[in-house]
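Take a look at the letters that make up each chain.
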2 protein chains.
Amino acid sequence: MKEFTLDDRLANDSVSVTITGLCDVRLMKDRRWPWLVLIPRRPDKSEVFELTPLDRILLTFETDKVASVLKTVTGATKINVGALGNIVRQLHVHVIARFEGDANWPGPVWGYGKAEPYSDEDMNSLIAKLRETLSQ
Amino acid sequence: MKEFTLDDRLANDSVSVTITGLCDVRLMKDRRWPWLVLIPRRPDKSEVFELTPLDRILLTFETDKVASVLKTVTGATKINVGALGNIVRQLHVHVIARFEGDANWPGPVWGYGKAEPYSDEDMNSLIAKLRETLSQ
């Protein structure tokens, strides 16, 4: 079986939060929106429907858990979930906390402007909160 | 139990393709991209994680089936799947066929430009193909 390796662009643009049953869960290095990405640890998949039925169920429950936790931790108005992959073809699912008046609200986040880095303190604090709430 | 009614904006912007176990499946009236929307027939839901576990599994398999059929029927380069709901709060999942060089490629479709209507002939032909392939 081919080994799973994380896409270079995903690796560069995000930082690890946790590993779930199926996925690497990572935080995007962009403080404009609290933005997580789940990457199923399965090589050579681009579309959700290419996963096995069991993996699709795992991905659903892991995505829903991450989305629910992100809403709890941030108090977001709305969670946006998306699997696009037009640029990075390795299968990945975005989970983004949106707030009225945030950057490009109510439009989508993808392709909008430039990433703004977190301070180390803010990023570490957010990751700690996410890990704690994900483990509950 | 409260009755399910389709959001006015979704009803206006799309046309019915089929009804699955959980969802209304509708085609957006926008010929720039072959674009389907699944609306779970559950009242008062905005987030996928608010559905029951069984409904979440149904939504996953129905979304994956629709995505796979849309890829087969259109020959798309990539399928985009998203649940945003920043404007229309009734829970709905977008499934969009994307092609290199299409409108706003590789950016997202949401909020980009203005919808361009299909001719009646083109819309009916696409719906017929989708229904036939969905029933297989």
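Residues numbered from 1 in each chain as written. Chains lettered and ligands numbered in written order. Predicted model: local features only at pLDDT ≥ 70, side-chain atom pairs only at ≥ 80, totals over all residues. Heavy atoms only, no water.

Take the environment of Asn80(B) next. Along the chain, Asn80(B) turns up in strand β4 (residues 78–83). Assessed through its relative accessible area of 1%, Asn80(B) is described here as buried. Along the sequence, Asn80(B) and Val109(B) sit 29 residues apart, while their C-alpha atoms lie 9.2 Å from each other. Among residues more than four places away in sequence, those in contact with Asn80(B) are Ala83(A), Leu84(A), Asn86(A), His94(B), Val95(B), Ile96(B) and Arg98(B). (Helix = DSSP H or I, 4+ residues; strand = E, 2+ residues; numbered from the N terminus. Buried < 20%, exposed > 50% of the residue type's maximum accessible area, 1.4 Å probe, protein only. Contact = heavy atoms within 4.5 Å.)

Here we come to the interface of chain A and chain B. Contact with chain A, which involves 31 residues of that partner, is made by 31 residues of chain B. Across the chain A/chain B interface, buried area totals approximately 2800 Å², and carbon plus sulfur atoms make up 58% of it. The three residues of chain A that bury the most area against chain B are Phe49(A), Lys78(A) and Asn86(A), which together make up 22% of that side's buried surface. Counting the contacts that link chain A with chain B gives 4 salt bridges. Its salt-bridge partner being Glu47(B), residue Lys78(A) comes within 3.0 Å of it at the nearest N-O pair. Among the secondary structure elements, those contributing two or more residues to the side of chain A that touches chain B are α2 (53–74) and β4 (78–83) of chain A. The element contributing the most residues to the side of chain A that touches chain B is α2(A), with 9 residues. When its residues are assigned to classes, the side of chain A that touches chain B shows 15 nonpolar, 9 polar and 7 charged. (Buried area = accessible area lost by both parts, 1.4 Å probe. Salt bridge = Lys/Arg side-chain N within 4 Å of Asp/Glu carboxyl O. Nonpolar A, V, L, I, M, F, W, Y, C, P; charged D, E, K, R; others polar.)

This part takes up the packing of helix α2 (residues 53–74) of chain B against helix α3 (residues 120–134) of chain B. Residue and element names in this part refer to chain B. Where α2 contacts α3, the axes come no closer than 10 Å and their chain directions differ by 125 degrees. The angle between α2 and α3 places the two elements in the oblique class. You can see that α2 and α3 cross each other, and the crossing is right-handed. Each of Lys65, Val66, Val69, Leu70, Thr72 and Val73 in α2 lies in contact with α3, whose residues at this interface are Leu126, Lys129, Leu130, Thr133 and Leu134. The class makeup of the residues in the contact of α2 with α3 is 7 nonpolar, 2 polar and 2 charged. (Axes fitted to C-alpha atoms, helices over the stretch in contact; angles between N-to-C directions. Parallel < 35°, antiparallel > 145°, perpendicular 65-115°, else oblique. Left-handed = near helix turned anticlockwise from the far one by under 90°.)

The transform that puts chain A on chain B rotates by 180 degrees and translates by 0.0 Å along the axis, for an RMSD of 0.0 Å. A rotation of that kind, with that shift, is consistent with a two-fold axis. Considering only C-alpha atoms, the residue of chain A closest to the rotation axis is Gly82(A), which sits at 2.0 Å. The residues that chain A uses at the interface reappear at the interface of chain B in 100% of cases, marking a shared surface. (Least-squares fit on C-alpha atoms with pLDDT ≥ 70 in both.)

Geometrically, the link from Trp105(A) to Pro106(A) is a cis peptide bond, its omega value of -5 degrees lying close to zero. Here Pro106(A) is to be found in the loop between β5 (93–98) and α3 (120–134). For Asn104(B), which is not glycine, the phi dihedral falls at a positive 70 degrees. Among the secondary structure elements, Asn104(B) is positioned in the loop between β5 (93–98) and α3. For Asn104(B), a relative accessible area of 27% gives the class partly exposed.

All names here are of chain B. Counting buried residues in β5 gives 6 out of 6 residues, a clear majority hidden from the surface. Alternating positions in β5 separate into two faces, Val93, Val95 and Ala97 on one and His94, Ile96 and Arg98 on the other, with burial throughout. Bridge analysis of strand β3 (residues 35–40) against β5 gives 4 bridges, and the strand direction is antiparallel. Looking across to β5, one finds that Val37 is bridged to His94. Alignment of β4 against β5, held across 5 bridges, turns out to be antiparallel. Each bridged residue has a counterpart across the sheet, and for Asn80 the counterpart in β5 is Ile96. (Pairing = 2+ DSSP bridges.)

On to the pattern of salt bridges, then. Residue and element names in this part refer to chain B. Taken as a whole and judged by the stated rule, the model has 18 salt bridges over all chains. Between Arg42 and Asp55 there is a salt bridge, with its nearest N and O atoms 2.6 Å apart. Of this pair, Arg42 sits in the loop between β3 and α2 while Asp55 sits in helix α2, placing them 13 residues apart in sequence.

So, on to the UniProt feature "domain: HIT" (unreviewed entry) in chain A. As annotated by UniProt and renumbered to match this structure, "domain: HIT" (unreviewed entry) occupies residues 36–105 of chain A. Between the C-alpha atoms that bound residues 36–105 of chain A there is a distance of 18 Å. The span itself is 31% helix and 24% strand. (UniProt positions renumbered as here; feature names shortened; annotations may be inferred.)

Residue and element names in this part refer to chain B. Relative to the elements of secondary structure, Val95 occurs in strand β5. The buried category is assigned to Val95, whose relative accessible area is 0%. With 59 residues separating them in the primary sequence, Val95 and Leu36 have C-alpha atoms 5.1 Å apart. Dropping the residues within four chain positions of it, Val95 is found in contact with Pro34, Trp35, Leu36, Leu38, Thr63, Val66, Ala67, Leu70, Ile79, Asn80 and Val81.

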